[in-house]
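Coordinates in review
Read off the chains here:
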Amino acid sequence: MKPLIAGNWKMNPNSAKEAKELFDEIKKGIKTAKSEVVVCPPFVYLSQLNGLSLGAQNDFYEEKGAYTGEISASMLKDLDIDYVILGHSERRKYFNETDEQINKKIKKSLGQGLKIIFCIGETAEERDAQKKSEVLEKQIKEGLKGVTREEMKSINIAYEPVWAIGTGNNCSVDETMSSVLFIRKTISDLYNREIADNTRILYGGSVKKDNSGSYIKDAGANGLLVGGASLNADDFVEIVKSAE
Ligand code: PGA
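Notes on the structure in this doc start here. (Residues numbered from 1 in each chain as written. Predicted model: local features only at pLDDT ≥ 70, side-chain atom pairs only at ≥ 80, totals over all residues. Heavy atoms only, no water.)

1. Let's talk about the pattern of salt bridges
Tallied over the entire structure, the rule returns 18 salt bridges. The residue Arg-200 makes a salt bridge to Glu-36 at a minimum N-O spacing of 3.0 Å. Pair noted here: Arg-200 is in strand S7 (residues 200–204) and Glu-36 is in strand S2 (residues 36–40), with a separation of 164 residues, a long-range link. Looking at Arg-200, the relative accessible area reads 11%, which means it is buried. Glu-142 serves as the salt-bridge partner of Lys-138, at 3.6 Å between the closest nitrogen and oxygen. (Salt bridge = Lys/Arg side-chain N within 4 Å of Asp/Glu carboxyl O. Helix = DSSP H or I, 4+ residues; strand = E, 2+ residues; numbered from the N terminus. Buried < 20%, exposed > 50% of the residue type's maximum accessible area, 1.4 Å probe, protein only.)

2. Some details on the site of the ligand
What surrounds the ligand is a group of 14 residues, the closest being Lys-10, His-88, Glu-160, Gly-166 and Ser-206. Between Lys-10 and the ligand, the recorded distance is 2.7 Å, taken from a side-chain N or O atom to an oxygen atom. Gly-228 is positioned with one of its backbone polar atoms (N or O) 2.8 Å from an oxygen atom of the ligand. Look at the ligand: alone it shows 290 Å² of surface, and the protein chains cover 97% of it. Residues of the shell around the ligand, tallied by class, amount to 5 nonpolar, 7 polar and 2 charged. (Near = heavy atom within 4 Å. Polar contact = N/O pair within 3.5 Å; in protein donor to acceptor, adjacent residues only side chain to side chain. Areas by Shrake-Rupley, 256 points an atom, 1.4 Å probe, with all protein chains shown as cover. Nonpolar A, V, L, I, M, F, W, Y, C, P; charged D, E, K, R; others polar.)

3. Description of the packing of helix H5 (residues 99–111) against helix H7 (residues 132–143)
At a minimum axis separation of 8 Å, H5 and H7 run at an interaxial angle of 45 degrees. Classed by the angle they form, the pair H5 and H7 counts as oblique. Seen along the crossing, H5 lies across H7 with a hand that is right-handed. In this structure, H5 uses Asp-99, Asn-103 and Ile-106 to contact H7, whose residues at the interface are Lys-138, Gln-139, Glu-142 and Gly-143. Tallied by class, residues from the contact of H5 with H7 come to 1 nonpolar, 3 polar and 3 charged. (Axes fitted to C-alpha atoms, helices over the stretch in contact; angles between N-to-C directions. Parallel < 35°, antiparallel > 145°, perpendicular 65-115°, else oblique. Left-handed = near helix turned anticlockwise from the far one by under 90°. Contact = heavy atoms within 4.5 Å.)

4. A short note on the packing of aromatic side chains
Counting across every chain of the model gives 3 aromatic pairs. Summarising the aromatic geometry, the rings of Phe-60 and Tyr-67 are spaced 5.2 Å apart at their centres and angled 50 degrees between planes, so their arrangement reads as tilted. Among the residues examined, Tyr-67 registers a relative accessible area of 36% and is labelled partly exposed. Here a set of aromatic residues connected by ring pairs shows up, and it is made of Phe-60, Tyr-61 and Tyr-67. (Phe/Tyr/Trp six-rings, centres within 6.5 Å; stacked < 30°, edge-to-face > 60°.)

5. Here's the deal with H7
Residues separated by three or four positions in an α-helix point in the same direction, a consequence of the helix having 3.6 residues per turn. For H7, which comprises 12 residues, the first-to-last C-alpha distance of 16 Å matches the rise-based estimate of 16 Å (1.5 Å per residue) to within 8%. Among all positions in H7, only Lys-132, Val-135, Leu-136, Gln-139, Ile-140 and Gly-143 are buried. Buried residues in H7, looked at end-on, bunch into an arc of 125 degrees, giving them a common side. (Expected span 1.5 Å × (residues − 1). Arc of directions from axis to C-beta.)

6. Things to note about the environment of Gly-55
Along the chain, Gly-55 falls in strand S3 (residues 53–56). On the accessibility criterion, Gly-55 (0% relative accessible area) is buried. Separated by 60 residues in the primary sequence, Gly-55 and Lys-115 place their C-alpha atoms 8.7 Å from one another. Beyond its immediate chain neighbours, meaning those up to four positions away, Gly-55 contacts Val-38, Val-39, Cys-40, Pro-41, Leu-46, Ile-81 and Tyr-83.

Next comes the structure, spelled out in C-alpha cells:
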C-alpha cells in the first residue's frame, strides 16, 4: 500500500498568488516521490492549481439548491478534485458537525466518486477519562454507516487526536500504534479482515519533518495528514520523503 501524504492548508494562505507559489514549490520538490501526495487548499484556489492531486477540506451532502455558502460533491468532481477531507475536528468543534452529518457527507461524496479522508480522534478530556476507544469506535461506526464494502476502497481514515492538532504535542509512536491497531480492528469487525488491512490509516497532529518518518516506519500508519507544516514547501517535501 502506497503511503498517502496529505497537506491540509486549512484557511491559508491569504492570496491566490501565495497559494500558487506554495503549490508550485511543492510540485517541484516531490517530482520523484513514491508516495501518493495530495494537497488540500481552500475551495477558492482549487480551480487555479493543477499538476498534483487535489483535495477539498469539506463539502455538503445535498446535490444542489438553496444552501447558501455550501459546495457540493458534484461541484468538486466537476473540477476533477480527487479527495475530500470530512469530519475534521475543527469542523466538529467550530461548526458543530455531528457524526450523522459527516456520514451523510461521506456517502454523498462517495456517490460522486470522490476519495475520502475521514478524520476521527479523541479530545484531551476523553483521553484522560479513558474513553478514547469508545469515542473512536462511535465516530467510525456512525461515520461509516451504510458505506459498502466496495466503497471502503475509497475511504482513508485519519487518526487525529484533537490534543495533538496544532499544539506541537504530537502523539507518541506507541500510542499512535495502539490507536491504529484499534481502528483496524474496528474496521475488521464492521467489514472484514481484508478490508481492514487494505484501508489506509493516516496519522495527523503536529506532524513535522523530524517526527514524520516514524509514524509510517514504526507506528504502522499508512500515511499522514499534515496541517501547519504543509504550508512550508521545504518542510512538506521533507515529510513526503521521510515516508519512503
Ligand atoms: P497540524 O494539523 O499538523 O497543524 O497539527 C493537522 C490537521 O489538523 O490536519
